[in-house]
Each structure stands twice: as C-alpha cells, then as structure tokens.
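# A closer look at the structure
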Amino acid sequence: MSKDLFSRGEEIRNEVLGAAYVSNSAAATDAFSEPMRAFAIRNLWGDIWDRPGLDRRARSLVNLGMLAALNRPNELKIHIRGALNNGLTREEIGEVFLQSALYCGVPTGSECTRIAKQLFAELDAEAAKP
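All of these numbers come straight from a predicted model, not from anything done at the bench.

### Let's talk about the layout of surface pockets
- Put simply, the largest pocket is a space of about 540 Å³.
- Together, 24 residues line the largest pocket, and Ala 40, Leu 44, Trp 45, Glu 75 and His 79 are the ones closest to its centre.
- Mapped onto the lining of the largest pocket, the elements with two or more residues apiece are helix H1 (2-17), helix H2 (19-27), helix H3 (34-45), helix H4 (56-69) and helix H5 (73-85).
- Considering each element in turn, the lining of the largest pocket owes the most residues, six residues, to H3.

The structure is reproduced here in structure tokens:
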C-alpha cells in the first residue's frame, strides 16, 4: 500500500506544485533527506491531499493561512504557486494574507504579501519569455 501512496503522492505533487518543482526537489534529495521526502510524499501528498473532505482549492487556502501563522516563508512560496495551480486568484491569496495580518500580526501579513508579490513577479517574467 505504501508504494501506492507514494505513487499517488508524486502524482498529486506534480499537479499541485508543478513538474519542475518536483524534479528539482528529487534532484536535491540525498541519503539523509530521502526518508523525510518519502514520508511527506506518502503521508501528506498521497494520503491527506487525496482525501475527499476538502478539494485542493480549500486545502490551499488552509495551507496558506497555516504557513503564514507558523512563519514558514520557504514553504509559503511553494504553496502560493500551488494555490494558483489549484485555482486561487492573486486577489484571494492577498485576502488570506490580510486576514493573517489581523490574526497573526501585521508583520506576518506584510511578509507573506512580500513573498507573494515576489513570486507573482517571477511568474509574470516567466510568462513574458518568448
């Protein structure tokens, strides 16, 4: 069964985060980090992200709020891209960070907004390339 969870996890990761991210993540993995990577792929992506209780769009909303509250900027950037892939708009992402500012503090909301703005600029630059 864990092989099935791993395969399904990789499939979901590719759909949500993009093939380039997944490929780079795998390439950066070594013997020390492989157990953590495999654990996350099986349990987080292959099980939780595949449950029927929330759709991917809702999971992305929840993730952005939690990652903001926990001050996890690297994961936040990854999941902003995933949220866009899951159908959230830039405006909705901004609303998550405004709400985060209210509950977690203005510095948190401001930092999340800065990270999102930076990622949006990167995505716009990628899209503008011929």
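From this point on, the discussion continues.
### Focus on the packing of H4 against helix H6 (residues 90-104)
- The interhelical angle for the contact between H4 and H6, taken along N-to-C directions, is 40°, at an axis separation of 9 Å. Of the possible angle classes, the one that applies to H4 and H6 is oblique. The two elements H4 and H6 meet at a crossing, and its hand is right-handed. Touching Arg 57, Leu 61, Leu 64, Gly 65, Ala 68 and Ala 69 of H4 are Glu 92, Ile 93, Val 96, Phe 97, Ser 100 and Cys 104, all from H6.

### Let's talk about a nonpolar patch on the surface
- Where nonpolar side chains cluster on the molecular surface, the patch consists of Leu 54, Val 62, Met 66 and Leu 70 and spans about 350 Å² of accessible area.
- Mapped onto the secondary structure, Leu 54 falls in the loop between H3 and H4.
- Given the relative accessible area of 39%, Leu 54 is considered partly exposed.

Reading the values: rules and limits
Residues numbered from 1 in each chain as written. Predicted model: local features only at pLDDT ≥ 70, side-chain atom pairs only at ≥ 80, totals over all residues. Heavy atoms only, no water. 1 Å grid on protein atoms, 1.4 Å probe; cavity = no way out; pocket = protein on both sides within 12 Å on 5 of 7 lines; lining within 4 Å. Points joined across faces, edges and corners; volume = space filled by probe spheres on them. Helix = DSSP H or I, 4+ residues; strand = E, 2+ residues; numbered from the N terminus. Axes fitted to C-alpha atoms, helices over the stretch in contact; angles between N-to-C directions. Parallel < 35°, antiparallel > 145°, perpendicular 65-115°, else oblique. Left-handed = near helix turned anticlockwise from the far one by under 90°. Contact = heavy atoms within 4.5 Å. Patch = residues over 30% accessible without salt bridge, like charges linked within 9 Å, V, L, I, M, F, W, Y side chains within 5 Å. Areas by Shrake-Rupley, 256 points an atom, 1.4 Å probe, with all protein chains shown as cover. Salt bridge = Lys/Arg side-chain N within 4 Å of Asp/Glu carboxyl O. Buried < 20%, exposed > 50% of the residue type's maximum accessible area, 1.4 Å probe, protein only.

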